Amino acid sequence: MEALKQVTGIAAPMMRINIDTDQIIPALFLGGTDAKGYGKNLFHGSRYLVDGSNNPEFILNQAPYTKAQVLLADRNFGCGSSRERAPKALREFGFRAIVAPSFGGIFFNNCYRNGIVPVELPIECVREIVAEVEASKGEGQVTVDLEAQTVKSPSGKTYPFTAPATLRQMLLNGVDEISLTLAKMTEIDAFRSKDRAARPWAY
Amino acid sequence: ADLLQIDRLVLHELSGSQAVRALAEAGRVPMSRTQVYTVIEHLISTLPGRGPTDSVSKSGPIMIETTRRASLDWGFHFIDYNDPRQGIAHVVAPEMGIAFPGATLVCCDSHTSTVGGVGALSWGIGATEAEHVLATQALAQSRPKRMRVNFTGKLAPNVYAKDMVLALIGQIGAQGGIGYATEFAGPVIANLPIEGRLTVCNMSIEFSCKYGFVPPDDVTFEYLAGRQFSPKGAMWDAAVKHWRTLRTDEGAVFDREVTVDCNTLVPQVTWGISPQQVTSIDGRVPDPADAADSEARQLGERALGYMQLEAGASLIGLPIDVAYIGSCTNARLSDLRAAAAVLKGKKVKAGIQAVCIPGSTPVKHAAEAEGLDVIFKEAGFEWHESACGFCGHIGDNRFANLRVISTTNRNFEGRQGPLTRTHLASPATVAASAIAGAIADVRKT
Ligand code: SF4
């Protein structure tokens, strides 16, 4: 798994509630069994015009946001479908962090497994950061530090956040979660034999 | 986070194909094959006479074939496109007794909570999580907060489980369930047959709640008895004894309690691009200017633009292009019966496309045995093979730019096709609207 300790970069505000994973990547582009190849269809419905050309109105088509690494979003970002191609597409575009008041739960977990840290901050804090970013015409950089669990605005104002401990460790160290669990196999086997005696119908 | 034993992993070709490929490429093997079930259902064609890899999705054939090969090679329980047990995973899992009370059941699909309707703890996961489950039959999850939704009162005729859950989402919002597991309770749930409970649990994720369930009771045990994978004989007795302990403790404390009064509940229909944008069937499109906060106002404005609606417009009488009955939400036998009762002896309005895709092949066969297919076809509905069909847009542009009234669960932008405008409602409301050619109040048909 790809590790992430901290990221500093251009931050793109997309301040709408309920941006669902169908918007992040429509089902039409979930094709294939590959782990890659989804970035070009990120936000397809808003990003491209009907003739396939870039929609100039869409923020990620506008400099400097074309190089954004941090996404600033509103409540319930990534709600809806469990499609893991949503964080994959965001990652391929270049995003390493998403700062929002809340996230769809499945998407939240999927982010960690694709090298993106989803950061929960109160809406007032997200709005303050957005205001600074917009005042700088997008040039002001935002830092998300997973190690220190802080977000730093372009002016240097620091906002603390709390990441789930296990997922944070996983992402900081880029560990392979499966190996981590396989290392506990003795415990798992012991649990399973006890459980099998109690609930044989589950096996 | 705690590491949970996973009793059931359900795979399908859309995301299961990614998980099996990733596992194989990492040189790993599944840990517990008998606990893994695969169903071909997301991308497979719904046309009569479909072949083994027929799909409207360009990459459908490769995804179906990858999933099929891995499932056969690894010896999972495998339900192929032509298996008489085939259907949408969340319909098949309770139908076959794959899901059971207290089961931890996961699937790469956000509507996995559907099977919470039989008392399972079930939730949607990503493909990487599924790979982890394949390799370890375990998954780490953080403990959710607890919410209880009490449906009080009594349902009036023509009001269904779909209306209950849409009203709930209207009440608490599409973000109302973030971080929670939701128990559905109250007298209306107690009296609701399993199929209705499955519909309510199906839409948990539409208020951003990963887990939704109804504690098991006699209705549940009766439903599961004799199903293919349900325990039999002495093991059944032991299982029921255990399942009876899975009741909510008297005086249990929840982080949040919500009450939905069903005495005043009428059929619901969505008007916007989020399931929270819902109203009573006799309601009007709200004015975004009246929204509670700036975000809701912005969402309202965007919805009016996308849905091509004016604030203040009546929903009843709004012309539709398509009536769609299908999906893991509302395509079980009781749903088809409710729709057929409305359609019987009537005709779909000329120029309306009307499509019915049964939730599973057993549902389809049972409906045919009762003659429901004849009612649907004589009314002017297409009658398809079971699969996810037109619930999501996977390649067929048939509903592009059209207004659809649909028994599915998502009215997101583009969900059913490019610029497709989806209105969610119950099967009875969809049937009534198909006849009227416009959104209609089933109570007045
Ligand atoms: S029917 Fe629709 S919502 Fe249900 S699993 Fe299939 S695509 Fe998803």
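This write-up is about the structure you can find in this document. Since we're looking at a predicted model, the values are computed, not measured.

Okay, the overall build of chain A next. For chain A, the count of helices and strands is 8 helices and 7 strands. When the backbone C-alpha atoms are referred to their principal axes, chain A occupies close to 65 × 40 × 25 Å. Here chain A holds 203 residues, and 61% of them are scored as buried. Excluding contacts between residues fewer than 6 apart, the proportion of contacts in chain A whose partners are at least 24 apart in sequence is 66%. Here chain A displays about 7,900 Å² of accessible surface, and carbon together with sulfur accounts for 54% of that area. Computing the positive centroid from 23 side-chain charges and the negative centroid from 22, chain A places the two 3 Å apart.

All names here are of chain A. One finds Phe-43, Phe-77, Leu-90, Ile-98, Leu-121, Val-144 and Val-151 to be the most contacted residues of the largest nonpolar core, which totals 65 residues. Per-element accounting of this core gives the leading share, 6 residues, to helix 5 (residues 123-135). The contact partners of Leu-90, leaving out residues within four places of it in the chain, are Ile-24, Leu-42, Phe-43, Leu-71, Phe-77, Phe-95, Ile-98, Phe-107 and Ile-116.

In total, this model carries 0 disulfides over all chains according to the counting rule given. With no disulfide of its own, Cys125(A) lies 20 Å from the sulfur of Cys111(A), the closest cysteine sulfur.

Before going further, it helps to spend a moment on the side chain of Thr21(A). All names here are of chain A. Its location among the elements puts Thr-21 in helix 1 (residues 21-24). Exposure remark for Thr-21: the relative accessible area of 1% places this residue in the buried category. Separated by 2.8 Å, the side chain of Thr-21 and the backbone oxygen of Ser-81 make a polar contact. Dropping the residues within four chain positions of it, Thr-21 is found in contact with Gly-78, Cys-79, Gly-80, Ser-81, Arg-83, Ala-86 and Phe-107.

The environment of the ligand is formed by His42(B), Ile88(B), His90(B), Asp109(B), His111(B), Ser327(B), Cys328(B), Cys388(B), Cys391(B), Asn409(B) and Arg415(B). Classifying every residue of the shell around the ligand gives 4 nonpolar, 5 polar and 2 charged.

Moving on, we come to the pairing of strand 5 (residues 104-107) of chain B. All names here are of chain B. Of the two faces of strand 5, the one lined by Thr-104 and Val-106 and the one lined by Leu-105 and Cys-107 are each fully buried. Where strand 2 (residues 8-11) meets strand 5, 3 bridges bridge the pair, whose relative direction is parallel. Along strand 5, the bridge assignment pairs Val-10 with Cys-107.

Residue and element names in this part refer to chain B. Read from one edge to the other, the open sheet built from 5 strands follows the order 4-3-2-5-6, with strand pairing classed as parallel. With one partner strand each, in any of the chains shown, strand 4 (77-79) and strand 6 (121-124) form the two edges of the open sheet. Neighbour-to-neighbour, the strand axes of the sheet open up by a mean angle of 15 degrees, direction not taken into account. As paired strands, strand 3 (residues 36-39) and strand 4 are joined by 3 bridges and run parallel to one another. Within strand 4, the residue paired with Tyr-37 across the bridge is His-77. In the packing of helix 4 (residues 127-136) onto the sheet, the strands contacted are strand 2, strand 3 and strand 5, and the crossing angle to strand 2 comes to about 130 degrees.

Conventions we followed
- Residues numbered from 1 in each chain as written.
- Chains lettered and ligands numbered in written order.
- Predicted model: local features only at pLDDT ≥ 70, side-chain atom pairs only at ≥ 80, totals over all residues.
- Heavy atoms only, no water.
- Helix = DSSP H or I, 4+ residues; strand = E, 2+ residues; numbered from the N terminus.
- Buried < 20%, exposed > 50% of the residue type's maximum accessible area, 1.4 Å probe, protein only.
- Contact = heavy atoms within 4.5 Å.
- Areas by Shrake-Rupley, 256 points an atom, 1.4 Å probe, with all protein chains shown as cover.
- Lys, Arg positive; Asp, Glu negative; His and termini not counted.
- Charge placed at Lys NZ, Arg CZ, Asp CG, Glu CD.
- Core = buried A, V, L, I, M, F, W, Y, C linked by side-chain atoms within 4.5 Å.
- Disulfide = S-S within 2.5 Å.
- Polar contact = N/O pair within 3.5 Å; in protein donor to acceptor, adjacent residues only side chain to side chain.
- Near = heavy atom within 4 Å.
- Nonpolar A, V, L, I, M, F, W, Y, C, P; charged D, E, K, R; others polar.
- Pairing = 2+ DSSP bridges.
- Axes fitted to C-alpha atoms, helices over the stretch in contact; angles between N-to-C directions.

Function-wise, these values are silent; they only describe arrangement.
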